[in-house]
Every structure is written in C-alpha cells, then in structure tokens.
Amino acid sequence: MNKLFCRSFQAVMKLGNYFMGYRMPEYLSGPGSIQKLPEFMLKKGAKKALVVTDKGLMNLGLPNGMLKALEENNIEYVVFSEVKPNPTSSDVEAGYKLYAENNCQCIVAFGGGSPMDCAKGIAAKSAHPHKSVAQLQGLLKVHKRIPLFFAVPTTAGTGSETTVAAVITDDATHRKASINDPSILPKYAVLDPELTVGLPPFVTAMTGMDALCHAVEAYTNYTYTTPLERQLAKDAVKLVHENLLTVYKDGKNIEARQNMLMASFYAGRAFTRGCVGYVHAIGHTLGGLYNIPHGLAMGTLLPHVMRQFGASAHKRLAELADVIGIQGATDAEKADKFITWIEGLKAELGLPVGVEGIKDEDIPQMIEWAMKEANPLYPVPDIWDEADFRKLIESVRM
Ligand SMILES: NC(=O)c1ccc[n+]([C@@H]2O[C@H](COP(=O)([O-])OP(=O)(O)OC[C@H]3O[C@@H](n4cnc5c(N)ncnc54)[C@H](O)[C@@H]3O)[C@@H](O)[C@H]2O)c1
Ligand SMILES: [Fe+2]
C-alpha cells in the first residue's frame, strides 16, 4: 500500500469524519460519584443490568459498593466477571450468552479497558446476535443501536468509556483487533477517583502511559482532529505531566487520581476522532501474541516510535513540548526534549526500555498485523513500509 494511496484515503476519511457525530458521554465525576449511579440509571430508564467486570476486581471487592447501591435501588443485575486482561472473543461470547439468557436490558461496564471493551463487544453482539466477533471487528460494522450502556473506569488510561473502540483478541489466531463504531461509544460514564486509589503503582504507571500515548498519537496524527480534539490532547498531556508521578508515588492522592481520570477521558475523546498510530498498531501485536499488558506495550514503544518518525513529527511534538513548558530554539530541539521527557518519565515509573521475548519467527506476522491495522486508516506523521516496521521492532528488542 503506497503512501499516496494512504494519504488519499485519509483525505476522504477526514471529510467523512465530519458526519460521524462523535460525542462525549454524559458523566458523573468526583469522589463517591459511583453511589449516584443507580439514580442516574433509573433516570435513563435502565432496567435489568449485566454488570461486566473481572475476577481480580471481584476478589478485591471493588464492585461491592456499586452492587449494593443497585440492590438498594431495586435494580436487578447479573454479574459477568470472566473477562481476561486483553479480552478475547470467547469472553465476549460468554458474556453475551449470560446477557441474553437473563433478558438483560442494559450494561454496566466496571473495570479497566478489558472489562469495558468486553462489555462494548457484548453490546455489539446484542445488536447482531448472529455475527461473530470477527465479523464485527473493523470500521462501522455495528451501525445499530446498542442497549443502554454505563461505563465505570477503574484504571486511568484507556479512555474506553469515551471511545468508539473495543479491542478484542481472537482466540484462534491471537490477532488483537478493534470493533470501531460510533454506535458502541458509551452514552454514560462515572469517573470516580476513589475507585482508582487501590491501583498498584505499576498498573497506575502502565495505564497512565496509555493515556499519554493516546494524546500524543492523536495530536501528532493531526489530520482528522478539529481544534476540540487538539485542545483535549494538549490538556491530557498537561494533566499526565502534572499528575502521573504523583499518583505513582502516592496512590491515595484523590485530586491527582481524579486528574488522571480526566486525562484518560480527554485523551480517549481526542483519539476517537484523531486515531491512534503505530505505537498502538505494533503494541496490539505484543498484546495478542505475548499477552503483554496494553499500557506496558504503549509506554515502552512510545518514545521509540516518535524518534523514528524523525522530522515529520517535530512540529507537533514541539507544540506539545510548549504545553509542559519545555524550552528550545527550534522545533527539532523541543521535540527531542519532549521525547527525552517521556523517556525520563518511563524510567521514574520503572518501565522497561525495550521489549523482551519477541521471537524471530513472529516478526513477519507482527508487521503484517500492524500494517493491516494502521495503513491506510491512521494518519501518522510518516507512513511506514515493511522495512520501517522491521527497523522499529528490531530497535526495541531486548
Ligand atoms: N477501547 C479503547 O479505546 C481502548 C484504548 C486503549 C486500550 N484498550 C484496551 O484496554 C485493555 C487494557 O485495559 P487496562 O489497561 O485498563 O487494564 P485491564 O482492564 O486489563 O486491568 C489490568 C489489571 O488491573 C486490575 N485493576 C483494574 N482496576 C483496578 C483497581 N482500581 N484496583 C486494583 N486493580 C485494578 C484488573 O483486575 C487487571 O488485573 C487492553 O485490552 C487494551 O487493548 C482499549
Ligand atoms: Fe491505548
């Protein structure tokens, strides 16, 4: 796929994007806001709910307060907690089965990106019960109304509560791919920082880097974004700059936790129109093949990809550098310092410099999947061919 084709496709997409009707979910925020969810749900006409979460959160008892509040408000629910990190198509099928068997009418997604994406997959299935997850993956394959959907993030990173994407790994092939459709964008969300205070420092670090990555990729892609998404991406970078190390060191800082939830939310909205880029395209292959946590893959790859973009990304990276007060005589110098800031942040967060365990025999598959995901859709600063992807992958191997 040559560069000219990619850029022409992107020019058409840019126009098409104006008719997509992207919106932000209506949301509750602030400490303890989860307690207001049942009332909010009743107001929106919610009836029997499927609550989608994961085993780790159930074991921690984190959903208990919300479940109790649902009971007190006579909202019936069934819990599906079999979602794996990097959720799979069989997770979605199992969750959908429970949804259908119990005649549920709305969905509450409670957790990180994994439960939220699985829940979005279940919602997509409920609109197309006879389609497989694979048939729903890709662009605009859902295109139908989904059940009432309430998203409650418990990590501050993916922004899935405000995005059009649900990233699901195919059980058979291990390919990780997105269902991408405005109809699965959640209508309602709860951004309660108290739900994130128990996140261990390493998960806080990884997921925070995911949010940063969304903002940086959406901003450097530039083409599809409007001034709104550009501002949201800048706001997210600033919030990560000011809060990620704080929450890493002091997880109980409620104000900083709320700020990170907002960073994730803004960055999610920014990339919903602006798209992510090669960090995500390559990172998804690491999640699918080796089950590497998404945020870890993002944090590791982000500075490498930005450096390999070279001059093509300097102007936009320099604009992001301005947001966090980095000085420099030229765009190139500011961009370099911005990437150096990301590298320093990674080091302080204890994230690795490169990726261990990439097998020689997997590299052609990684390149094929990454190119399929990104080209021609993602309007990255520089369009890469197979050799460029190989160069990046080789450069991050440890
Ligand atoms: N839909 C999108 O737009 C989008 C964007 C980026 C990433 N993703 C996807 O999201 C997934 C990753 O999500 P994630 O990074 O949020 O991680 P996750 O949902 O996989 O959660 C990681 C771990 O943290 C635990 N956890 C979550 N919240 C916790 C809390 N408050 N306290 C203690 N433990 C907690 C979970 O139980 C789990 O073990 C990936 O599959 C990725 O591809 C989706
Ligand atoms: Fe991401």
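What counts, and where the lines are drawn
- Residues numbered from 1 in each chain as written.
- Chains lettered and ligands numbered in written order.
- Predicted model: local features only at pLDDT ≥ 70, side-chain atom pairs only at ≥ 80, totals over all residues.
- Helix = DSSP H or I, 4+ residues; strand = E, 2+ residues; numbered from the N terminus.
- Buried ≥ 20, exposed ≤ 12 C-beta atoms within 10 Å, placed from the backbone.
- Contact = placed C-beta atoms within 7 Å.
- Pairing = 2+ DSSP bridges.
- Axes fitted to C-alpha atoms, helices over the stretch in contact; angles between N-to-C directions.
- Core = buried A, V, L, I, M, F, W, Y, C linked by C-beta atoms within 7 Å.
- Domains from an automatic or database assignment.
- Near = placed C-beta within 6 Å.
- Nonpolar A, V, L, I, M, F, W, Y, C, P; charged D, E, K, R; others polar.
- Expected span 1.5 Å × (residues − 1).
- Parallel < 35°, antiparallel > 145°, perpendicular 65-115°, else oblique.
- Left-handed = near helix turned anticlockwise from the far one by under 90°.

Time to look at the overall build of the chain. On a plain count of helices and strands, the chain comes out with 16 helices and nine strands. In the chain, buried positions account for 53% of the 398 residues. Within the chain, counting contacts between residues at least 6 apart in sequence, those at least 24 apart form 79% of the total.

On to the sheet that holds strand β5 (residues 138-139), then. For sheets, the rule is that strands pair by backbone hydrogen bonds, running either parallel or antiparallel. If you walk across this open sheet you meet the three strands as β5-β8-β7, and the pairing is mixed. At either margin of the open sheet sits one strand with a lone partner, and together these are β5 and β7 (165-169). Pairing of β7 with strand β8 (residues 176-180) involves five bridges; the strand directions are antiparallel. Looking across to β8, one finds that A166 is bridged to I179. Those strands touched by helix α6 (residues 113-127) are β7 and β8, and its axis lies near 100° from that of β7.

So, about the nonpolar core. Counting 126 residues, the largest nonpolar core has V52, I107, A215 and A236 as its most contacted members. Ranked by residue count, the leading element in this core is helix α8 (residues 201-221), at eleven residues. Residues lining this core come from more than one domain, with at least three contributed by each of domain 1 (3-13 + 199-396) and domain 2 (31-196). With residues near it in sequence (within four places) discarded, A236 still touches A211, A215, A263, Y266, A267 and A270.

The next thing to look at is the site of ligand 1. Near ligand 1 lie 32 residues; those nearest to it are G56, G112, G113, S114 and T163. Taken together, the elements giving at least two residues each to the shell around ligand 1 come down to α3 (55-60), α6, β7, α8 and α12 (294-309). Partitioned by chemical class, the residues of the shell around ligand 1 number ten nonpolar, 19 polar and three charged. Formed jointly, the shell around ligand 1 draws a minimum of three residues from each of two domains, domain 1 (3-13 + 199-396) and domain 2 (31-196).

Attention now moves to the pairing of β7. Looking along a regular strand, one sees side chains alternate from face to face of the sheet. Within β7, five of the five residues are buried, which leaves the element mostly enclosed by the surrounding structure. Neither face of β7 is exposed, since A165, V167 and T169 on one face and A166 and I168 on the opposite face are all buried. Here β7 folds back onto β8 in antiparallel fashion, the turn holding six residues, of which H174 has a positive phi close to 70°.

All right, on to the pairing of β8 then. Burial analysis of β8 places five of its five residues in the buried class, the great majority of the element. Of the pairings in the sheet, the one linking β5 to β8 comprises two bridges and is parallel in character. Of the residues in β8, the one forming a bridge with L139 is N180.

Here the focus is α8. Helix length check: α8 (21 residues) gives 30 Å between terminal C-alpha atoms against 30 Å at 1.5 Å per residue, within 8%. Phi turns positive one or two residues past the end of α8, at Y222, with a value near 65°.

So, on to the sheet that holds strand β2 (residues 49-54). With respect to topology, six strands assemble into an open sheet ordered β1-β9-β6-β4-β2-β3, the strand pairing being parallel. Pairing within the sheet leaves two strands with one partner each, and these edge strands are β1 (26-29) and β3 (77-83). Adjacent strand axes in the sheet meet at a mean angle of 20°, parallel and antiparallel pairs treated alike. For strand β4 (residues 106-111) and strand β6 (residues 148-153), the ladder comprises six bridges, and the chain directions are parallel. Residue G111 lies in a different strand from β6, and its bridge partner there is P153. Across the sheet, α6 lies against β2, β3, β4 and β6, angled at about 165° from β4, the strand it touches most.

On to the domain arrangement of the chain. Assigned domains of the chain: these are domain 1 (3-13 + 199-396) and domain 2 (31-196). A straight line from the C-alpha centre of domain 1 to that of domain 2 covers 25 Å. Taken together, the contacts link 30 residues of domain 1 with 26 residues of domain 2. Breaking the side of domain 1 that touches domain 2 down by element, the ones donating at least two residues are α8, α10 (254-274), α11 (278-290), α12 and α15 (363-374). When residues of the side of domain 1 that touches domain 2 are assigned to their parent elements, the largest contribution, 13 residues, is made by α10. Of the residues belonging to the side of domain 1 that touches domain 2, the class tally is 13 nonpolar, 13 polar and four charged.

Moving on: the environment of T272. Its location among the elements puts T272 in helix α10. Taking the C-alpha atoms as reference points, T272 and D181, separated by 91 residues in sequence, lie 9.8 Å from one another. For T272, the contacting residues outside a window of four places in its chain are Y22, T162, T163 and V164.

Within the secondary structure layout, E161 lies in the loop between β6 and β7. Linking E161 and G328, residues 167 residues apart in sequence, is a C-alpha distance of 36 Å. Those residues in contact with E161 that lie beyond four places of it in its chain are P25, M116, A151, P153, P186, A189, F265 and G268.

Orientation of α8 relative to helix α9 (residues 227-249), taken along the N-to-C sense of each, is 160°, at an axis distance of 9 Å. As far as their axial angle goes, α9 and α8 are roughly antiparallel. Relative to α9, α8 is oriented so that their crossing is left-handed. Along its contact with α8, which presents P201, T204, A205, G208, A211, L212, A215, V216, A218 and Y219, the element α9 presents E229, R230, A233, A236, V237, V240, L244, V247 and Y248. Counted by class, the contact of α8 with α9 contains 15 nonpolar, two polar and two charged residues.

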